[in-house]
2 protein chains.
Amino acid sequence: MNDTKLNPAINLERLKSTFDVSSSIGATEGGGITRLALTKEDIEIRDVFVKWLKEANLSVKYDDLGNIYGRREGKNKDAKSIMIGSHLDTLPKGGRFDGIMGVLTSLEVIRTLNDLNIETERPIEIVNFTNEEGERFTPPMQGSGVVTGNYDKTEIYNLRDKDGITFEQSLKESGYMGEIENRPSNVDYFIETHIEQGPFLEENQKSIGIVQGVKGSKRHRVIVKGKSSHGAFPNSHRKDALMAASEIALAIDETAKSYKDLSTSLGVFDVKPSVESITAESVEFTFDVRHIDDHTKDEAIEVIKSKINEVASRRKVEVDFRQTWVASGTYFSKEILDEIEKSVNSLSYSYQYITAPALHDAKFMQDITNTAMIFAPSKDGLSHCEEEYTSYEDIEKVANVLLQTVISLSK
Amino acid sequence: MNDTKLNPAINLERLKSTFDVSSSIGATEGGGITRLALTKEDIEIRDVFVKWLKEANLSVKYDDLGNIYGRREGKNKDAKSIMIGSHLDTLPKGGRFDGIMGVLTSLEVIRTLNDLNIETERPIEIVNFTNEEGERFTPPMQGSGVVTGNYDKTEIYNLRDKDGITFEQSLKESGYMGEIENRPSNVDYFIETHIEQGPFLEENQKSIGIVQGVKGSKRHRVIVKGKSSHGAFPNSHRKDALMAASEIALAIDETAKSYKDLSTSLGVFDVKPSVESITAESVEFTFDVRHIDDHTKDEAIEVIKSKINEVASRRKVEVDFRQTWVASGTYFSKEILDEIEKSVNSLSYSYQYITAPALHDAKFMQDITNTAMIFAPSKDGLSHCEEEYTSYEDIEKVANVLLQTVISLSK
C-alpha cells in the first residue's frame, strides 16, 4: 500500500527500536511502564529524547514548565510552525503506547523528513509536554495547561507530590527548567497522535481514527439521604437510601443509550453505615456525563435530574445534587481534519471519524492554535494499564498519515 | 373496659413509676437509655430490680450467666412454673421500652397478684436475661442463648468487649455471677412481652399483637466482580460491578413483595475502588431474607439466586455467593397463644396475630419450654433509638393480658 514513489513513508524498524528504548525506561514486570512526571525515569527518557532531537539536527529548548521542544527550520523562517507531539510520562503501571506514541511518531516523522531531504515551507516543532497524566502532581495536562492559559503557573509550581516536593522544585532538580520565552508561539497547527483508549476502531476494524474533537464532561456529587432501618423492618415502610441510589445509578447508566456518543459513569459510591442487617441511611456518589456537544450533555443531565427527583419523591428520600466540574466539548480544526482525511485516502487506509472520550494536551492546544488528533486502535479498548496494546502495523499507519499531513500543511 | 370485678387489673400508676425509675438509669439527653450489659448502668438497674423482687416477697437467684430470677411460689410446690420476663439492657442510645417493658410488666403482674392475694396453682418466675442486645459482647441473647443450649458457655465467657474485658470477668465484677443450678428448670411456660419494633399494630390500630412466632433469617455475602473502566470508556462495553449490584439490590428488595410477611434487606455494600470517574471493579454486599416459614424463605432465596445469575451473565460479571448465617423460623406454643387470645377477648382489646420480625429471648426459650410473646404497638415502628415510644395505655393493656394469661395458665 505504501508506494514510496507516491507517498513518503516512515521507517518502521527505526520507530520500533525507538519504542524499545522508551519501553525499557521505567519498565514494569507486567510489560508496562511506570514513569511519573519529573521522576528519575521521566528524566531518563527526557535525556534520551533530547539526545534524539539533537541527533536529528533539531534545535532544542525547554520552557518554564519543562516542556521540551525540538525545532526543524522551514524554508520560510518567518512562517508559523506546525507543532506535533504529545507526552512521555505515564501513570503507575501505565502502558507503553498512550501519549508516548504521539512523541515517538512525531520524532519518526522528523527523521523521515531528514532521510528524504524534504525541506518544508514551515518550521516543524516537536513537543513533549510535562505531566500530562497528572498522577504525581494533580490535575493532568499541566505543561499544556499553563502554556495555553488554562492553569495558573504559580498554582502548578506550588503543587506538592506525596513526599511534599513541589512541582517547581522537582522541575528545577530535573534540569529541565527553561525560559518562559520558549513557550509555543507562532504556531499555526498542532497535531497529536495517540492511542484511542476505547474499543471502537478495533471493533470497526479501522486503522485510523480522525479525531473530530474531545468530549466535554460535567461531574456531579449526589447525596441520597434516607433513614436506616433494622433488616427486620418491613421493606414497604423503609426509606432505604441504597435502593434509591441503585435506581438512580441504573438510570444514569441507561441515559447513555439515549444519545449517540454520550457516556456517563458513576465513580465514588459510599454507603453508610454499610453494616450487616442495617439498611442504608445515606449514599454519596459522583457521576459524570461526557459528550462533545454541550447542549446534548446538558439535555442528558436534565433527564437524569428529573429521574433523581422522581425516585426521591417516590422513595421518600432527600437528595442533595451538586455540579463539581465542567469542561466544555472541543471541536478540532476542520482544516487539519480535512488534510488528515486526504492523507488517509491517499494511503488507502481504513478510517473513521471519532470523538476523543478523554482529555489530551490537544484539548488545551486548540485554545491557542488550530489543532487535531489522530488515533490508533487500542486492543480491547484498554489503556493506562500494562495490557495496553497497539500493533506496530497500526502505529506505522498513523505515523505515515502524520508525515503526509505535516507535509501537506507545510505547503 | 377493665371491669375489675370480672378482670383483675394491674396498677398503671405504679407501673409508670417503675418505668420512671428505669428510664432514669443510663438516661440519655435525647430521652433514651444507654445501658449496655454488665456496665455500671446495667448493674444499677439490676440492683434496683432485685430490691423490687425482694419487696414483692420473691425468692431471688442468679445463674452462671447473670440471669436474674424471682420466684413466687404456687399452691402446688411441685408444679412446673410459668416464667415471664425479658431483658433490662439496651443498645447505645436505645429506647425506654423495648425488652424493659417485658420485665416491668412482669413485675407489675406479680405485684398485682400480691395485691389481690391471688394464690396461683403453679409457681410464677420472673426473669431478666443478660445481654439480650449483644452490643457490648456480640452475639445477642447470650443469657437465654446459653441456658437453652444454643450458645456454648465457654465461648460466651471468653468474649471480650472493646476494652478487652471478658464477659466472664465483667459478670464476676458485677456481683451477678450465680450458680449453674439456678438456670431455668421445671418451667412449663415462658411468656415475654415486648414492643413490636414494627409499624403494623399502630397502622392497623390494634392494641395487642399476639405473636405466633419469630421469623427465621438467612444471611448471605455476595461479591460481584467486574472490571474497572475509565469514566470515558463507553458504557456499552463495561463490566461495571456497581450496575450489576444495583440491579441485584433492587431485585432483592422487590422479592419481599412476592411473599406475604417476607422481608429482605441489604446491609454491607462496599464498592471498590469508589473513586471519581473510575467505574466499579467490585461490590461486596450482604443481604438477609426473613420469614417464619423456612420453605418460603428458601423459595425466595432461590428466586434471588436466579436473578443474580441472570444479571451476572447479562452484565458479564462474576459473582461469589455465600450463606453466612441461618436461623430457622420459630412457631410459638398454640396452647399459650389460645390463652392469650381468650384473655384479650375477655378484656375486649383490639388485637391481631403477628410474626416477630427480629429475634428475642423467647425464640431460644421455645427450645426448652412452651413459649409465646405479646407485643405492644411501637409509634412509627421505631425501636432501638431514643424516639422509641409506646403509650402507657397500650402497655397497661399488655400487662393486663399477661396477668390474665398467667392466671389462666396457672390453673
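In the nomenclature of an unreviewed UniProt entry, chain A corresponds to M20 family metallo-hydrolase from the organism Sporosarcina highlanderae.

Looking only at helices and strands, chain A has 12 helices and 13 strands in total. Here chain A has a C-alpha radius of gyration of 24 Å; the compact-globule value for 411 residues is 22 Å, and the two agree. Expressed as lengths along the three principal axes of its C-alpha atoms, the size of chain A is roughly 80 × 45 × 40 Å. Each of the 411 residues in chain A was classed as buried or not, and the buried ones make up 61%. When contacts within chain A are restricted to residue pairs at least 6 apart in sequence, long-range pairs at least 24 apart make up 78% of them. With an accessible surface of roughly 15,800 Å², chain A has 46% of that area assigned to carbon and sulfur atoms. Each charge class in chain A can be summarised by its mean position, and for the 50 positive and 67 negative side chains these summaries are 2 Å apart.

It is worth spelling out the interface of chain B and chain A at this point. Each partner contributes residues to the interface: chain B has 50 residues there, and chain A has 50 residues. Counting the surface chain B buries against chain A, the share from its top three residues, N235, L250 and E276 of chain B, is 15%. Linking chain B with chain A are 2 salt bridges, by the criterion used here. In this structure, the salt-bridge partner of D253 of chain A is R315 of chain B, at a minimum N-O distance of 3.7 Å. Among the elements of the structure, α7 (200–203), β7 (216–225), α8 (241–255), β8 (263–272) and β9 (282–291) of chain B are those that each provide at least two residues to the side of chain B that touches chain A. Considering each element in turn, the side of chain B that touches chain A owes the most residues, 9 residues, to β8 of chain B. Here the residues of the side of chain B that touches chain A sort into 20 nonpolar, 17 polar and 13 charged.

Turning our eyes to something else, we now look at helix α10 (residues 334–347) of chain A. For α10 of chain A, spanning 14 residues, the distance from its first C-alpha to its last is 20 Å, which sits close to the expected 20 Å at 1.5 Å a residue. At the exit of α10 of chain A stands S348 of chain A, carrying a positive phi of roughly 55°.

On to the domain arrangement of chain A, then. Residue and element names in this part refer to chain A. The domain architecture assigned to chain A consists of domain 1 (12–214 + 329–410) and domain 2 (216–327). Relative to domain 2, the C-alpha centre of domain 1 lies at a distance of 37 Å. For the pair domain 1 and domain 2, the summed buried area comes to about 650 Å², and 58% of that belongs to carbon and sulfur atoms. Broken down residue by residue, the surface that domain 1 buries against domain 2 is led by G329, Y331 and T355, which jointly contribute 56%. Where domain 1 touches domain 2, the interface holds 0 salt bridges. Our count for the contact surface shared by domain 1 and domain 2 stands at 2 residue pairs in polar contact (both at pLDDT 80 or more). At the level of secondary structure, the elements contributing two or more residues to the side of domain 1 that touches domain 2 comprise β6 (208–214) and β11 (330–331). Residue composition of the side of domain 1 that touches domain 2, by class: 4 nonpolar, 5 polar and no charged.

In this structure, L242 of chain B sits in helix α8. In this structure L242 of chain B comes out as buried when scored by relative accessible area, which is 1%.

Here we come to the relation of the copies chain B and chain A. When chain B is fitted to chain A, the best match, at an RMSD of 0.2 Å, comes from turning it 180° and sliding it 0.1 Å along the axis. The transformation just described matches what one would write down for a two-fold rotation axis. If distances are taken from each C-alpha of chain B to the rotation axis, the shortest is found for S246 of chain B, at 2.3 Å. The overlap is high: 100% of the interface residues of chain B also sit at the interface in chain A, so the same surface is used on both sides.

Attention shifts here to unusual backbone geometry. P139 of chain B follows T138 of chain B through a cis peptide bond whose omega is 10°. Its location among the elements puts P139 of chain B in the loop between β4 (124–128) and α4 (142–147). Omega for the bond connecting K272 of chain B with P273 of chain B falls within 30 degrees of zero, at 5°, which places this linkage in the cis form. Here P273 of chain B shows up in the loop between β8 and β9. Unlike most non-glycine residues, N57 of chain A shows phi in positive territory, near 65°. N57 of chain A gets classed as exposed once you look at its relative accessible area, which sits at 66%. Despite not being glycine, S277 of chain B shows a phi value in the positive range, around 65°. Mapping S277 of chain B onto the fold places it in the loop between β8 and β9. Take S277 of chain B: its relative accessible area is 6%, and that puts it in the buried class.

Residues and elements named next belong to chain B. Strand β6 (residues 208–214) sits mainly inside the fold: 6 of its 7 residues count as buried. Across 3 bridges, the pairing between β6 and strand β13 (residues 370–376) is antiparallel. Residue I210 lies in a different strand from β13, and its bridge partner there is I374. By the bridge criterion, 2 bridges tie β6 to strand β11 (residues 330–331) in an arrangement that is antiparallel. The residue bridging G213 from the neighbouring strand is Y331, located in β11.

All right, on to the UniProt feature "domain: Peptidase M20 dimerisation" (unreviewed entry) in chain A then. Those places that UniProt annotates as "domain: Peptidase M20 dimerisation" (unreviewed entry) correspond, in this numbering, to residues 213–313 of chain A. Taken end to end, residues 213–313 of chain A has its terminal C-alpha atoms 39 Å apart, with 35% of it in helix and 32% in strand.

Applying the stated criterion across every chain, the model contains 62 salt bridges over all chains. We note a salt bridge from D261 of chain A to K260 of chain A, for which the minimum N-O separation is 3.7 Å. Since its relative accessible area comes to 70%, K260 of chain A is described here as exposed. As a salt-bridge pair, D320 of chain B and R322 of chain B come within 3.8 Å of each other at their nearest N and O atoms. Residue D320 of chain B is classed as partly exposed on the basis of its relative accessible area of 35%.

Turning to the side chain of R183 of chain A, a few remarks are in order. All names here are of chain A. Note on placement: R183 falls in the loop between α6 (167–174) and β5 (187–195). A relative accessible area of 19% places R183 in the buried class. The residues touching R183, leaving out its near neighbours within four places in the chain, are D63, D64, L65, Y69, V146, V147 and K153.

Attention shifts here to the packing of aromatic side chains. Aromatic rings in a pair are described by how distant their centres are and how their planes are angled relative to each other. Applying the stated criterion to the full structure yields 25 aromatic pairs over all chains. Through a chain of ring-to-ring contacts, the aromatic side chains of F269, F285, F287 and F321 of chain A together with F269, F285, F287 and F321 of chain B assemble into a single cluster. Positioned over the ring face of W325 of chain B is R219 of chain B, at 4.9 Å from the centre of the ring.

In this section: the pairing of β8 of chain B. All names here are of chain B. For β8, the tally of buried residues reaches 8 of 10 residues, placing the bulk of the element in the interior. Of the pairings in the sheet, the one linking β8 to β9 comprises 8 bridges and is antiparallel in character. Across the sheet, the residue bridging to L266 is F287, located in β9.

Our next topic: the confidence of the model for chain A. For chain A, the average pLDDT comes to 96, and 99% of its residues sit at 70 or higher. Scored below 50 in pLDDT, residues 1–5 of chain A makes 10 contacts in the model with residues more than four places away or belonging to other chains.

Criteria and cut-off values
Residues numbered from 1 in each chain as written. Chains lettered and ligands numbered in written order. Predicted model: local features only at pLDDT ≥ 70, side-chain atom pairs only at ≥ 80, totals over all residues. Heavy atoms only, no water. Helix = DSSP H or I, 4+ residues; strand = E, 2+ residues; numbered from the N terminus. Rg over C-alpha atoms; globule rule 2.2 N^0.38 Å. Buried < 20%, exposed > 50% of the residue type's maximum accessible area, 1.4 Å probe, protein only. Contact = heavy atoms within 4.5 Å. Areas by Shrake-Rupley, 256 points an atom, 1.4 Å probe, with all protein chains shown as cover. Lys, Arg positive; Asp, Glu negative; His and termini not counted. Charge placed at Lys NZ, Arg CZ, Asp CG, Glu CD. Buried area = accessible area lost by both parts, 1.4 Å probe. Salt bridge = Lys/Arg side-chain N within 4 Å of Asp/Glu carboxyl O. Nonpolar A, V, L, I, M, F, W, Y, C, P; charged D, E, K, R; others polar. Expected span 1.5 Å × (residues − 1). Domains from an automatic or database assignment. Polar contact = N/O pair within 3.5 Å; in protein donor to acceptor, adjacent residues only side chain to side chain. Least-squares fit on C-alpha atoms with pLDDT ≥ 70 in both. Pairing = 2+ DSSP bridges. UniProt positions renumbered as here; feature names shortened; annotations may be inferred. Phe/Tyr/Trp six-rings, centres within 6.5 Å; stacked < 30°, edge-to-face > 60°. Lys NZ or Arg CZ within 6 Å of the ring centre and 35° of its normal. pLDDT = per-residue confidence, 0-100.

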